[in-house]
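Spelled out from the first residue to the last, the chains are:
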Amino acid sequence: MLTLNANEFARLDRFERIAALGMASMHPGGLAATRKLIQWAGIAPGTRVLDLGCGVGQTSCLLAKRYAAEVTGLDKSARMVARATERARQSASPAAFVEGDAYAMPFEPERFDVVFAESVTLFLDRAKVLAECFRVMAPGGLIADVVMTCHEPVPTDVLDGLERLEGVRMHPMSPEQWLAAYHDAGFEVVRSEFKASISDGATLWSFFQDNGWDGLKFLIRFGRLWLTEPAVRAYGRELTAFWLPNKHRFGFGLILAKRP
Ligand SMILES: C[S@@+](CC[C@H](N)C(=O)[O-])C[C@H]1O[C@@H](n2cnc3c(N)ncnc32)[C@H](O)[C@@H]1O
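These lines cover the structure that appears in this document, whether it is placed above or below. Every value quoted in this text rests on a predicted model; they were computed, and no experiment measured them. (Residues numbered from 1 in each chain as written. Predicted model: local features only at pLDDT ≥ 70, side-chain atom pairs only at ≥ 80, totals over all residues. Heavy atoms only, no water.)

With that out of the way, let us pick up the overall build of the protein. What the protein contains, in helices and strands, is ten helices and seven strands. For 260 residues, the compact-globule estimate of 2.2 N^0.38 gives 18 Å, and the protein sits close to it at 18 Å. Its C-alpha atoms give the protein principal-axis dimensions of roughly 55 × 45 × 35 Å. Scored against the burial criterion, the 260 residues of the protein give a buried share of 50%. Considering only residue pairs separated by 6 or more positions, the protein has 77% of its internal contacts joining residues 24 or more positions apart. As displayed, the protein has an accessible area near 12200 Å², and 56% of this comes from carbon and sulfur atoms. Side-chain charges of the protein comprise 30 positive and 30 negative groups, with the mean position of each set lying 6 Å from the other. (Helix = DSSP H or I, 4+ residues; strand = E, 2+ residues; numbered from the N terminus. Rg over C-alpha atoms; globule rule 2.2 N^0.38 Å. Buried < 20%, exposed > 50% of the residue type's maximum accessible area, 1.4 Å probe, protein only. Contact = heavy atoms within 4.5 Å. Areas by Shrake-Rupley, 256 points an atom, 1.4 Å probe, with all protein chains shown as cover. Lys, Arg positive; Asp, Glu negative; His and termini not counted. Charge placed at Lys NZ, Arg CZ, Asp CG, Glu CD.)

Spatial ordering of the open sheet is given by E3-E2-E1-E4-E5-E7-E6, a layout of seven strands whose pairing is mixed. Both edges of this open sheet fall to strand E3 (96–99) and strand E6 (188–195), since each of them pairs with a single strand only. Direction aside, neighbouring strands of the sheet carry axes that sit 15 degrees apart on average. Relative to strand E2 (residues 70–75), helix H4 (residues 58–66) is tilted by about 170 degrees, and along the sheet it contacts strand E1 (48–52), E2, E3 and strand E4 (112–118). Packed on one face of the sheet, helix H6 (residues 126–136) meets E1, E4 and strand E5 (137–150) and runs near 155 degrees to E5. (Pairing = 2+ DSSP bridges. Axes fitted to C-alpha atoms, helices over the stretch in contact; angles between N-to-C directions.)

Let us look at the site of the ligand. Neighbouring the ligand are 20 residues, the closest being Met 26, His 27, Gly 53, Asp 75 and Ala 102. The backbone of Met 26 places a nitrogen or oxygen atom 2.8 Å from an oxygen atom of the ligand. Measuring from a nitrogen atom of the ligand, one finds a backbone N or O atom of Glu 118 at 3.0 Å. By residue class, the composition of the shell around the ligand is nine nonpolar, seven polar and four charged. (Near = heavy atom within 4 Å. Polar contact = N/O pair within 3.5 Å; in protein donor to acceptor, adjacent residues only side chain to side chain. Nonpolar A, V, L, I, M, F, W, Y, C, P; charged D, E, K, R; others polar.)

Turning our eyes to something else, we now look at the pattern of salt bridges. Considering all chains together, one arrives at ten salt bridges under this definition. Of the charged contacts in the structure, one is a salt bridge between Glu 132 and Arg 135, with a shortest N-O distance of 2.9 Å. One end of the pair, Glu 132, and the other, Arg 135, are both in helix H6, three residues apart, so they sit about a helical turn from each other. When its relative accessible area of 27% is taken as the criterion, Arg 135 is described as partly exposed. The network of salt bridges with shared partners includes Lys 36, Glu 193 and Lys 195. (Salt bridge = Lys/Arg side-chain N within 4 Å of Asp/Glu carboxyl O.)

Tallying each qualifying case throughout the model produces six aromatic pairs. Taken together, a centroid distance of 5.0 Å and an interplanar angle of 90 degrees make the contact between Phe 107 and Phe 112 edge-to-face. Residue class for Phe 107 comes out buried when judged on its relative accessible area of 12%. With a centroid separation of 5.0 Å and an interplanar angle of 90 degrees, the aromatic rings of Phe 242 and Trp 243 are classed as edge-to-face. (Phe/Tyr/Trp six-rings, centres within 6.5 Å; stacked < 30°, edge-to-face > 60°.)

Here we take up the side chain of Asp 75. Within the fold, Asp 75 resides in strand E2. In contact with Asp 75, not counting residues within four places along its chain, are Gly 53, Cys 54, Gly 55, Met 80, Val 81, Val 98, Glu 99 and Gly 100.

Turning next to the environment of Asn 211. Secondary-structure assignment places Asn 211 in helix H9 (residues 204–228). For the pair formed by Asn 211 and Ser 25, sequence separation is 186 residues and the distance between their alpha carbons is 6.9 Å.

Direction vectors running N to C along H9 and helix H10 (residues 230–246) enclose 110 degrees, while the axes themselves pass 6 Å from each other. Classified by the angle between their axes, H9 and H10 sit roughly perpendicular to one another. On the side of H9, the interface is formed by Phe 222, Leu 225, Trp 226, Leu 227 and Thr 228, while H10 contributes Pro 230, Val 232, Arg 233, Gly 236 and Arg 237. Its residues placed into classes, the contact of H9 with H10 shows six nonpolar, two polar and two charged. (Parallel < 35°, antiparallel > 145°, perpendicular 65-115°, else oblique.)

The next thing to look at is helix H7 (residues 156–166). The complete set of buried residues in H7 reads Val 158, Leu 159, Gly 161, Leu 162, Leu 165 and Glu 166. Taken end-on, H7 shows its buried residues confined to a sector of 155 degrees, consistent with a single buried face. Pointing more than 90 degrees away from the buried face of H7 are the exposed residues Thr 156, Asp 157 and Arg 164. On its buried face, H7 sits against helix H2 (14–20), E5, H10 and strand E7 (250–258). (Arc of directions from axis to C-beta.)

By size, the foremost hydrophobic cluster in this structure holds 66 residues, and its most contacted members are Ile 43, Leu 50, Leu 52, Phe 116, Ile 143 and Phe 250. When sequence neighbours within four positions are dropped, the list of residues in contact with Phe 116 reads Thr 34, Leu 37, Ile 38, Ile 43, Val 49, Leu 50, Asp 51, Leu 52, Thr 59, Leu 63 and Ala 144. Counting residues in each nonpolar core, the second largest holds eleven residues, with Ile 18, Leu 21, Phe 207 and Val 232 among its members. (Core = buried A, V, L, I, M, F, W, Y, C linked by side-chain atoms within 4.5 Å.)

In structure tokens:
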């Protein structure tokens, strides 16, 4: 967990900060969405799964331990890969993790049966990342994506605010645009489900279900750091200042698509 001082914290990217504070699940819909995608994708023992943008490895560890899938988690952040590897060790999960870029993955073509991409394609160039996913998926393979959606075009000043927060320029898309992006990349959408609110299903109960004891530790730790560390306080304020007035603009969706 957090063994960083305020300067180190300030140097982390947004997801590394959340991970440093102890959060395990970093996608809309949380574990409930993950479980739904696992069921949709029919994960069985031996299914070769890539967890793209695996973060701290919660989904990878679950898939490898509970479903006996053969899981590789990939993330561009060395810190995330280290945290995910430690999570796998602590939970005795056989998931493996590698550092790498979603645009140029260190895998041979057709290596995986299923790609999980929870809250990652939405930050990237859709055509490029979907083409790379297509390349590493076996014919007939599936991609299970958790995406953020918008209800109407997002004003430029809001996109600027989101960029300051996320560190990347985002191009939020409507559900129809997401389905079209998958179609254009050569996939066949098998199933999809969209929610109007980005926080649909996010309750205190689901927070503790998703994060377990780490959730409680996270709240205590965040509260303590809020009081003592200006960098953490500033970050918390930035998050609230952006999301409170803009939350209504965004929803999320689950997409399961097949490589023909
Ligand atoms: C919102 S977090 C999601 C983490 C995890 N999938 C989850 O749902 O908890 C996005 C993750 O994608 C990773 N990421 C962002 N851009 C990437 C890229 N180009 N290649 C690989 N990973 C990337 C980030 O480091 C981060 O861990």
